[in-house]
Amino acid sequence: MFVGHSLVAFALGALAATRLGADRDRALQLGVYAGAFALVPDLDIVYAPVGLALQSVQTIDPDAFWNTANVIHRGPTHSLLFGGVLATGVAFLATDRRLGHVVGAGVIAGLIAVAGMAGGSAVAGITTVYAVGGAAVATAARMRGVPASAVFAVASIGLLSHPFGDLVTGSPPLFFYPFGAMPVSQRITLHPDPTLHLLGAFLIEIGTVWLGIWTFTRLHDVSVRRFVHPRAGLGMGYAGAVFVIPPPTLHNAAVFVFSILALSGIWVAVSSRSLTRPVDTLGVVVTGTATVTVAAVGYGVAYVLF
């Protein structure tokens, strides 16, 4: 879902900027930074290799490792409260005044301290990684001339939109961490059949790619359809996979996901040989996405029928 998080934030940021009167280049720039901020919450995955390494060299209770991991992943980094505070802190860091930098550093230090008091040193450590990631994106934006107010806006879009993208693929985020309120206590089920649920979640992910593509082409005032090659229809042949691979679910989705994405990879590999202009590159991306979309729909139809 990394791509989906980023592209949703990109579209929201770019379209909002356009709505507020920004020109095309500025809107695209703000959309890119919103997408970058949307990747920051998933920096919590660094706990996995670090925690496993520590477990391998120390006598750590495996249950303790997993209990901590379950809190850290989609915990503080996916909290709307933490996201709002971090957006505020990095916006102060993006100002041109030393006082703003001091205030921003204080806000972030306070966020890390709260994380430590609520969840211990591991949670404080991962929140530090989260905060540093946000500060790095804000610094990059500031260096490219993005004002502090715009940094706050795109940081809010990226950090606060991210948690909602995890509602259909895993355990719900702790939206109000460190408080225990749980507005959503379990994963949203798109269909009682686990394979159709996976297909629904996959199509939502592909939908976010289309949203990003549509936003980009809209800002350039061109139609998406002109970039779709008829060969995308060949993706329908993936329907035959229903007779070859076991019905995929969220728990064993690897073969399905990698094989269907390979169709897009093959298209890119074949088509990239003739690239001469940026528009050709966009055509490859759009047609590759269309191929995967047709393949997923074809597989879904075959699964229901057979």
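Please refer to the structure placed before this passage.
Residues numbered from 1 in each chain as written. Predicted model: local features only at pLDDT ≥ 70, side-chain atom pairs only at ≥ 80, totals over all residues. Heavy atoms only, no water.

**Q** So what exactly am I meant to see when it comes to the overall build of the chain here?
**A** What the chain contains, in helices and strands, is eleven helices and zero strands. Within the chain, the proportion of its 306 residues that are buried is 42%. For the chain, restricting intrachain contacts to residue pairs at least 6 apart in sequence, the fraction spanning at least 24 positions comes to 74%. Accessible surface, the chain as shown: approximately 15,400 Å² in total, 68% of it carbon and sulfur. (Helix = DSSP H or I, 4+ residues; strand = E, 2+ residues; numbered from the N terminus. Buried < 20%, exposed > 50% of the residue type's maximum accessible area, 1.4 Å probe, protein only. Contact = heavy atoms within 4.5 Å. Areas by Shrake-Rupley, 256 points an atom, 1.4 Å probe, with all protein chains shown as cover.)

**Q** How do you make sense of the nonpolar core when you look at a structure like this?
**A** Across soluble globular proteins, nonpolar side chains show a tendency to be buried alongside one another. Counting residues in hydrophobic clusters, the biggest one holds 35 residues, and the most contacted among them are Phe37, Leu86, Val90, Val146, Val151 and Leu159. Secondary structure elements with two or more residues in this core: helix H1 (2-19), helix H2 (24-39), helix H5 (80-93), helix H6 (98-119), helix H7 (121-143) and helix H8 (148-161). If you tally residues by element for this core, the top one is H2, at seven residues. Apart from the residues within four sequence positions on either side, Leu159 is in contact with Phe37, Val40, Pro41, Gly83, Leu86, Ala87 and Tyr130. The next biggest cluster of nonpolar side chains, apart from the first, holds 17 residues, and it includes Ile206, Ala241, Val242 and Tyr299. (Core = buried A, V, L, I, M, F, W, Y, C linked by side-chain atoms within 4.5 Å.)

**Q** Looking at this model, I keep getting lost on H8. Mind explaining?
**A** For an α-helix, the turn length of 3.6 residues means that residues three or four places apart are oriented alike. Its 14 residues place the ends of H8 20 Å apart at the C-alpha level, agreeing with the 20 Å of an ideal helix rising 1.5 Å per residue. Among all positions in H8, only Ala148, Ala150, Val151, Val154, Ala155, Ser156, Gly158 and Leu159 are buried. (Expected span 1.5 Å × (residues − 1).)

**Q** Looking at this model, I keep getting lost on the environment of Ala91. Mind explaining?
**A** Within the element layout of this structure, Ala91 appears in helix H5. Take Ala91: its relative accessible area is 9%, and that puts it in the buried class. Between the C-alpha atom of Ala91 and that of Gly134, which follows or precedes it by 43 residues, the distance is 9.9 Å. Not counting the four nearest positions on each side in its chain, Ala91 is found in contact with Ala148, Val151 and Phe152.

**Q** Honestly, H7 in this entry has me stumped. Any pointers?
**A** The terminal C-alpha atoms of H7, which comprises 23 residues, lie 32 Å apart, in line with the 33 Å expected from a rise of 1.5 Å per residue. Looking only at H7, the buried set comprises Val123, Ala124, Ile126, Thr127, Tyr130, Ala131, Gly133, Gly134, Ala135, Val137, Ala138 and Ala141.

**Q** I would appreciate a short explanation of the pattern of salt bridges in the present structure.
**A** Note on pairing: side chains with opposite charge can pair once their charged atoms come close. In total, this model carries two salt bridges according to the counting rule given. A salt bridge links Asp25 to Arg24; the shortest N-O distance between them is 3.6 Å. Judged by its relative accessible area of 53%, Asp25 is exposed. Judged by its relative accessible area of 39%, Arg24 is partly exposed. The closest approach of N and O atoms between Arg142 and Asp96, which form a salt bridge, is 3.6 Å. Of this pair, Arg142 sits in helix H7 while Asp96 sits in the loop between H5 and H6; the two residues are 46 residues apart in sequence, bridging distant segments of the chain. A residue is classified by how much of its surface remains accessible, and Asp96, at 69% relative accessible area, is exposed. (Salt bridge = Lys/Arg side-chain N within 4 Å of Asp/Glu carboxyl O.)

**Q** Got a minute to help me understand unusual backbone geometry in this structure?
**A** Backbone geometry follows two general trends: most residues other than glycine have a negative phi, and most peptide bonds adopt the trans configuration. Residue Pro178 follows Tyr177 across a cis peptide bond; omega there is 15 degrees. Mapped onto the fold, Pro178 is located in the loop between H8 and helix H9 (194-219). At Asp221, a residue that is not glycine, the phi angle is positive and equals roughly 55 degrees. Position of Asp221 relative to the elements: it lies in the loop between H9 and helix H10 (254-271).

**Q** I would appreciate a short explanation of the packing of aromatic side chains in the present structure.
**A** A full pass over the atoms with the stated rule returns seven aromatic pairs. Each ring, one from Phe164 and one from Phe175, has its centre 5.1 Å from the other, and the planes form 35 degrees; the classification is tilted. Taken together, the residues span a long stretch of sequence, with Phe164 in the loop between H8 and H9 and Phe175 in the loop between H8 and H9 at a distance of eleven residues. A relative accessible area of 47% means that Phe164 is categorised as partly exposed. (Phe/Tyr/Trp six-rings, centres within 6.5 Å; stacked < 30°, edge-to-face > 60°.)

**Q** Hey, could you run me through the packing of H5 against H8 in this one?
**A** Relative orientation and spacing of two packed helices are given, respectively, by the angle between their axes and the distance between those axes. Interhelical geometry of H5 versus H8 gives an angle of 160 degrees and a closest axis separation of 8 Å. Classified by the angle their axes make, H5 and H8 are roughly antiparallel. Note that H5 runs across H8; the crossing there is right-handed. Of the residues in H8, those in contact with Leu80, Gly83, Gly84, Leu86, Ala87, Thr88, Val90 and Ala91 of H5 are Ala148, Val151, Phe152, Ala155, Ser156, Leu159 and Leu160. (Axes fitted to C-alpha atoms, helices over the stretch in contact; angles between N-to-C directions. Parallel < 35°, antiparallel > 145°, perpendicular 65-115°, else oblique. Left-handed = near helix turned anticlockwise from the far one by under 90°.)

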